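The lines below spell out each chain.
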Amino acid sequence: MTDITALINSENKGDRIKALNTIRELEPAIAFGYIKQLVTDKNTRVRYAAVSQLATLGSQDLAESFTILRDRLINDTEPDVQAAAADAIGALKLTDAFDDLQNLYETTPEWLVQFSIVAALGELGDARGLKLLQTALTNETTLVQTAAIGAIGELGDPTGIESIIPFVTHPDWQIRYQLARSLRTLGGESAAQALAILATDDVEQVALEAQGK
């Protein structure tokens, strides 16, 4: 254990990255104690890796993890780390972070951060997320739109169906594929009608997904 402490406190970035790899092999309760020391590391790569590990290790103490991840989400200067914090918040289902996720989505210029926030909202399963996800459907980045369609499906709220049905004719087949997945999850008459159209899609993956195959 002393060796890990020395690596964590080393001025050499390579040593701290080695510490991160070593932490992965420890019992979660012990690993959590170490990973907390690296989430504010001066090196972006180290911070990113440490925050990413909280997606699993954070379950050791959800209250403390919430405090750590909220800080990184709001105050980190690197979009990659903010995105990793959003990912971890979603994985740990920290619904208390909803307002922070929403505020950051509305203020950040970084599409990667927006993408991670949208994906996190799907994992959170919080009904409050639907309105923001519907806003994300108009995002200028296709990957964010795709994530929003998927997240609306994850929420399982049938009132979200009408907002995603227009994508049935979207030129990007990956969006249509995600749409088919979400519609199958949501179910209902409107979804069935849209799925019938997608079942004849020119792209085989889309058609098969719509058919449930």
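That block above? That's the structure.
Student: Give a detailed account of the overall build of the protein, specifying residues and quantitative values.
Tutor: A tally of helices and strands in the protein yields 14 helices and 0 strands. Mapped in sequence order, the helices and strands of the protein form the string α-α-α-α-α-α-α-α-α-α-α-α-α-α. With the model as given, the accessible surface of the protein reaches about 10500 Å², and the carbon-plus-sulfur share is 49%. Taken together, the 17 basic and 30 acidic charged side chains of the protein have centroids lying 5 Å from each other.

Student: Run through the packing of aromatic side chains, naming residues and quoting values.
Tutor: How two aromatic rings sit relative to each other is set out by the distance from centre to centre and by the angle between their planes. According to the stated counting rule, one finds 2 aromatic pairs in the structure shown. Ring geometry for tryptophan 111 versus phenylalanine 115: centroids 6.4 Å apart, planes at 70 degrees, classification edge-to-face. Here tryptophan 111 and its partner phenylalanine 115 are both found in helix α8 (residues 111-124), 4 residues apart, which amounts to about one turn of the helix. Between the aromatic rings of tryptophan 173 and tyrosine 177, the centroid separation amounts to 6.4 Å while the plane-to-plane angle is 70 degrees, which identifies the pairing as edge-to-face. Of this pair, tryptophan 173 and tyrosine 177 both sit in helix α12 (residues 173-186), 4 residues apart, which is roughly one turn of that helix. Residue classification places tryptophan 173 among the partly exposed positions, given a relative accessible area of 34%.

Student: Describe the side chain of arginine 47, listing the residues and the values that go with them.
Tutor: Within the secondary structure, arginine 47 is located in helix α4 (residues 44-57). Overall, the relative accessible area of 6% leaves arginine 47 in the buried class. The contacts of arginine 47, once residues within four sequence positions are left out, are Leu38, Val39, Thr40, Asp41, Lys42, Arg72, Asp76, Thr77, Glu78 and Val81.

Student: How would you sum up the environment of leucine 183? Please name residues and give values.
Tutor: With respect to the helices and strands, leucine 183 occurs in helix α12. Residues leucine 183 and isoleucine 197 lie 14 residues apart in sequence; the distance between their C-alpha atoms is 12 Å. Apart from residues lying up to four places away in sequence, leucine 183 is in contact with Ile161, Ile164, Ile165, Ala191, Ala194, Leu195 and Leu198.

Student: Please give an account of the packing of α12 against helix α14 (residues 204-211) that cites residues and values.
Tutor: Taken N-terminus to C-terminus, the directions of α12 and α14 make an angle of 5 degrees; their axes are 8 Å apart at the nearest point. Compared by their axis directions, α12 and α14 come out roughly parallel. When α12 is examined against α14, the residues Trp173, Arg176, Tyr177, Ala180, Arg181 and Arg184 are found in contact with a partner set consisting of Gln205, Val206, Glu209 and Ala210. Partitioning the contact of α12 with α14 into residue classes produces 5 nonpolar, 1 polar and 4 charged.

Student: Tell me what's going on with α4, and back it up with residues and numbers.
Tutor: If you check α4, its first and last C-alpha atoms are 20 Å apart, about what 14 residues at 1.5 Å a residue would give, namely 20 Å. Buried residues in α4 make contact with α2 (13-23), α3 (28-35), α5 (62-75) and α6 (79-91). The N-cap of α4, judged by a side-chain oxygen 3.0 Å from the amide nitrogen of arginine 45 a few residues on, is asparagine 43.

Student: So, unusual backbone geometry: which residues are in play, and what are the values?
Tutor: Excluding glycine, residues mostly carry a negative phi; peptide bonds, for their part, are mostly trans. With a phi close to 55 degrees, lysine 93 is a non-glycine residue in the positive phi region. Structurally, lysine 93 is set in the loop between α6 and α7 (98-107).

Student: Which residues make up the pattern of salt bridges, and what are the values?
Tutor: Within this structure, the stated rule accounts for 10 salt bridges. We note a salt bridge from lysine 42 to glutamate 11, for which the minimum N-O separation is 2.8 Å. Of this pair, lysine 42 sits in the loop between α3 and α4 while glutamate 11 sits in the loop between α1 (2-8) and α2, placing them 31 residues apart in sequence. The exposure class assigned to lysine 42 is exposed, which follows from its relative accessible area of 61%.

Cut-offs applied
Residues numbered from 1 in each chain as written. Predicted model: local features only at pLDDT ≥ 70, side-chain atom pairs only at ≥ 80, totals over all residues. Heavy atoms only, no water. Helix = DSSP H or I, 4+ residues; strand = E, 2+ residues; numbered from the N terminus. Areas by Shrake-Rupley, 256 points an atom, 1.4 Å probe, with all protein chains shown as cover. Lys, Arg positive; Asp, Glu negative; His and termini not counted. Charge placed at Lys NZ, Arg CZ, Asp CG, Glu CD. Phe/Tyr/Trp six-rings, centres within 6.5 Å; stacked < 30°, edge-to-face > 60°. Buried < 20%, exposed > 50% of the residue type's maximum accessible area, 1.4 Å probe, protein only. Contact = heavy atoms within 4.5 Å. Axes fitted to C-alpha atoms, helices over the stretch in contact; angles between N-to-C directions. Parallel < 35°, antiparallel > 145°, perpendicular 65-115°, else oblique. Nonpolar A, V, L, I, M, F, W, Y, C, P; charged D, E, K, R; others polar. Expected span 1.5 Å × (residues − 1). Polar contact = N/O pair within 3.5 Å; in protein donor to acceptor, adjacent residues only side chain to side chain. Salt bridge = Lys/Arg side-chain N within 4 Å of Asp/Glu carboxyl O.

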